[in-house]
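Letter by letter, the chains look like this.
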Amino acid sequence: TPPLHPANPLTRAHNRAWIAYASELQGSLFHLAMAATREKFDTARSRLLEQLGRLENEPGDGPYFNGEAFSLVDASFAPLFLRLALLNEVRPVHAADAFPRITAWAMQLQALPAVCNSVVKDFPELYRAHIAASAGYGAAQFAPELRLDRVGS
C-alpha cells in the first residue's frame, strides 16, 4: 500500500492543514442542511461558498489533491463531496460551473470504488431522512417531501 502522506515534510504539513479544513467544511455543510431558519440557512450557505472558494485553487493538476497520488487529503474531502453531491441533486448549493477544479476532483473521488463502497447502499435515503428529521428550513430545501408550510407543525 502506498503511503497516504507525502514524503516531503512541508507538503505533509500543508496537507494536514487541508485535512483540518475538510472538517470545517463538513461542519458548514451540516449547518446548511440542518438550518432551522432561512437566515441560518443563508448564513451557512454563504460560509460554505466562501470556504469552497478558498479551496478552489488548492488542488494540484489532478486527478487528486497532490496530483497523481491519492492521499489523506482526498480521503478527508470525499465524505464532504459525497454529501454535497446528494444535496445538489435536490437543490443546487452552488452554480454548476462555480468551482470547476473542485468539481473535477470530487467527481474523480466519487468514481473510486473505495469511496462508493464507504457508505451503505441506502445512504442517500438515510442522509435525506436525517435532514428531514430536523424539520427546519434546511430540511424543507433538501428533503422534497417536506413543504415550508409544514415545517414546525
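Just so it is clear, the structure is predicted and the values come from calculations on it, not from any experiment.

Some thoughts on the pattern of salt bridges
In total, this model carries five salt bridges according to the counting rule given. Here Arg47 makes a salt bridge to Glu50, at a shortest N to O gap of 3.8 Å. Here Arg47 pairs with Glu50, and both are found in helix H2 (residues 38-55), just three residues apart, close to one helical turn. Taken together, the shared-partner salt bridges in this structure form one network comprising Glu24, Arg47, Glu50 and Arg54.

A closer look at the packing of helix H3 (residues 72-90) against helix H4 (residues 100-110)
Relative to each other, H3 and H4 sit at 100°, their axes nearing to 9 Å. The angle between the axes of H3 and H4 places the two elements in the roughly perpendicular class. Contact residues: H3 offers Val73, Asp74, Phe77, Ala78, Phe81, Leu82 and Ala85, while H4 offers Ile102, Trp105, Ala106, Leu109 and Gln110. In terms of residue class, the contact of H3 with H4 is made up of ten nonpolar, one polar and one charged.

Quick word on unusual backbone geometry
Gly62 connects to Pro63 through a cis peptide bond whose omega is 10°. Residue placement: Pro63 occurs in the loop between H2 and H3. In the Ramachandran plot, Ala135 falls in the positive-phi region, its phi being about 55° despite a non-glycine side chain. With respect to the helices and strands, the residue Ala135 is situated in the loop between helix H6 (123-133) and helix H7 (137-142). Given a relative accessible area of 34%, Ala135 falls into the partly exposed group.

Criteria and cut-off values
Residues numbered from 1 in each chain as written. Predicted model: local features only at pLDDT ≥ 70, side-chain atom pairs only at ≥ 80, totals over all residues. Heavy atoms only, no water. Salt bridge = Lys/Arg side-chain N within 4 Å of Asp/Glu carboxyl O. Helix = DSSP H or I, 4+ residues; strand = E, 2+ residues; numbered from the N terminus. Axes fitted to C-alpha atoms, helices over the stretch in contact; angles between N-to-C directions. Parallel < 35°, antiparallel > 145°, perpendicular 65-115°, else oblique. Contact = heavy atoms within 4.5 Å. Nonpolar A, V, L, I, M, F, W, Y, C, P; charged D, E, K, R; others polar. Buried < 20%, exposed > 50% of the residue type's maximum accessible area, 1.4 Å probe, protein only.

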